[in-house]
Amino acid sequence: MNALTEVAALLACPECGDQLQPHDRALRCGTGHSFDIARQGYVGLLTGASTKMTGDTADMLDARAAFQGAGHFAPIAAAVARAFATRVSDQQTAARDVGTPAVSTQAHRADTQLPADAQSPSETPPDAAVLEIGAGTGYYLAAVLDADPTLLGIALDVAKPAARRAARAHPRLASVLADAWRGLPLRDDTVIGVLSVFAPRNPAEVVRVLAPGGRFVIVTPTARHLGELIGPLGMVSVDPDKDRRLADSLSDTFTRAEHTLVEFPMKLSRTDVTNVVAMGPSAFHGTPADDPRIAALPVITEVTASVTVSTYLSNA
């Protein structure tokens, strides 16, 4: 039984909202709408007019997979996995163990604790699932699944190259092609967690699909992220007020219960730097991967990775 079959009952028909069920090489609702499972292993739940969201290109995803595969962002993946695996009360102590000894983490516990019904590993119900919005390669969701063998994963992305990649990221990961801004193709109260890493979010829809006690984990870069490359290579910079604006934008629907800084140095080759440029927003904004400024860099450049991992709880 593959991952799509396992999570089908959690998914909703994008045409009518009914529950989907596996049927041969498709998912089908009770009213007859049918959605083929591609030979690459993902199901397409994009319907109607073409979406205005384009997502990442195949070249961007190739570069990201190479960079992630080299382990440079492994401490971030570990922090994400820990955010789903522990209660807030445990995280201040546990955060010191994230990643390698070179990793500096700083956990900030908000006034709000995770409620008594918040899921922890020993309490995870059978067939519990975590959804990642804008999943890309599926790298971070796969880390969550590796950390908890009881979980299923749903990787949602609007780009076909991402859906193809995510479908082979983990045996318990189901890949769905959909546009989060049109509505998440899931039934109400179906997932114990939602993850967003450097990706757009749809808070109203996240509230709808989160089960009681579920958590919304968001990873955002700080102004120091890749700072040693932004100036020399003319890359897109991070708004230093990004974290506060995020919290403000979610305040009507969510309360931040945990906020952890994950910051560490990376030793990057020129090939690694080329992948960094090619995998992110700078690929859309005029910094070519073959930029001669990359060739002018030292053979190895020390670059800072700096992100926040925040856990939000629904106000509903």
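No experiment lies behind these values; they were computed from the predicted model shown.

## As for the sheet that holds strand E1 (residues 20-23)
Sheet strands pair by backbone hydrogen bonding; their relative direction is either parallel or antiparallel.
Part 1 of the argument: Ordered in space as E1-E2-E3, the 3 strands form an open sheet in which the pairing is antiparallel. Each of the sheet's edge strands pairs with one partner strand only, and the pair in question is E1 and strand E3 (34-36). The mean inter-strand angle of the sheet, taken between neighbouring strand axes irrespective of direction, is 30°.
Part 2 of the argument: With 3 bridges connecting them, strand E2 (residues 26-29) and E3 associate as antiparallel partners. Looking at E3, one finds that Ala26 is bridged to Asp36.

## Brief notes about the nonpolar core
Part 1 of the argument: With 46 residues, the main nonpolar core has Phe73, Tyr140, Leu229, Met235, Met266, Val276 and Val309 as its most contacted residues.
Part 2 of the argument: Contacts of Leu229, omitting those with residues within four sequence positions, involve Gly234, Met235, Val273, Val276, Leu297, Thr301 and Val303.
Part 3 of the argument: By size, the runner-up hydrophobic cluster in this structure holds 37 residues, among which are Leu45, Leu186, Val191 and Leu246.

## Some details on the packing of helix H2 (residues 58-69) against helix H10 (residues 270-279)
Part 1 of the argument: Contact geometry of H2 with H10 gives a least axis separation of 8 Å together with a crossing angle of 135°. Classified by the angle between their axes, H2 and H10 sit oblique to one another. The chirality of how H2 crosses H10 is left-handed. Contacts between H2 and H10 pair Met60, Ala63, Arg64, Ala66 and Phe67 from the former with Asp272, Asn275, Val276, Ala278 and Met279 from the latter.
Part 2 of the argument: Here the contact of H2 with H10 is composed, by residue class, of 7 nonpolar, 1 polar and 2 charged.

So, how was this worked out
Residues numbered from 1 in each chain as written. Predicted model: local features only at pLDDT ≥ 70, side-chain atom pairs only at ≥ 80, totals over all residues. Heavy atoms only, no water. Pairing = 2+ DSSP bridges. Helix = DSSP H or I, 4+ residues; strand = E, 2+ residues; numbered from the N terminus. Axes fitted to C-alpha atoms, helices over the stretch in contact; angles between N-to-C directions. Core = buried A, V, L, I, M, F, W, Y, C linked by side-chain atoms within 4.5 Å. Buried < 20%, exposed > 50% of the residue type's maximum accessible area, 1.4 Å probe, protein only. Contact = heavy atoms within 4.5 Å. Parallel < 35°, antiparallel > 145°, perpendicular 65-115°, else oblique. Left-handed = near helix turned anticlockwise from the far one by under 90°. Nonpolar A, V, L, I, M, F, W, Y, C, P; charged D, E, K, R; others polar.

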